[in-house]
Amino acid sequence: VVSGRPALAADLENGESVFQGNCTACHAGGNNTVVPEKKLKKEAIEKYLTGGYNVDAIKYQVTNGKNSMPAFGEKLGPDDIDDVANYVFNQATKW
């Protein structure tokens, strides 16, 4: 059976919790208080994020950081990174 959902669906509730605890200082409401044009909205992610608007590119950014954004790979486990990346991906069209 083929479905549109991944076999191991991300936990978006946990992703939201990880986001609230680690990302909102700079990214509350999908915005960016450090570099205002680099919001977490789909259009900005497509334009500015290396790799574009996809979960793997978001996971890479969260894990490794870039420019003003710190890396969270040492602070968050892989499941939390996966969940928060999926949360951001899903919210990017809603913020």
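Here the structure is a predicted model, which means the values were calculated and not measured.

### Description of the nonpolar core
In this structure, Phe19, Ile58, Val62, Leu76, Val84 and Val88 are the most contacted members of the largest nonpolar core, which totals 18 residues. The element that contributes the greatest number of residues to this core is helix α5 (residues 78–91), accounting for five residues. When neighbours within four sequence positions are excluded, Leu76 is seen to be in contact with Val18, Asn22, Val62 and Ile81.

### Considering the packing of aromatic side chains
Under the definition given, this model contains four aromatic pairs. A ring pair is formed by Phe19 and Trp95, whose centres lie 5.4 Å apart and whose planes are at 35°; its orientation type is tilted. With a gap of 76 residues between them, Phe19 in helix α1 (residues 12–22) and Trp95 in the segment after α5 connect regions that are remote in the sequence. The exposure class assigned to Trp95 is partly exposed, which follows from its relative accessible area of 25%. Summarising the aromatic geometry, the rings of Tyr87 and Trp95 are spaced 6.1 Å apart at their centres and angled 80° between planes, so their arrangement reads as edge-to-face. Connected via pairs of aromatic rings, a cluster forms that spans Phe19, Tyr87 and Trp95.

What counts, and at which threshold
- Residues numbered from 1 in each chain as written.
- Predicted model: local features only at pLDDT ≥ 70, side-chain atom pairs only at ≥ 80, totals over all residues.
- Heavy atoms only, no water.
- Core = buried A, V, L, I, M, F, W, Y, C linked by side-chain atoms within 4.5 Å.
- Buried < 20%, exposed > 50% of the residue type's maximum accessible area, 1.4 Å probe, protein only.
- Helix = DSSP H or I, 4+ residues; strand = E, 2+ residues; numbered from the N terminus.
- Contact = heavy atoms within 4.5 Å.
- Phe/Tyr/Trp six-rings, centres within 6.5 Å; stacked < 30°, edge-to-face > 60°.

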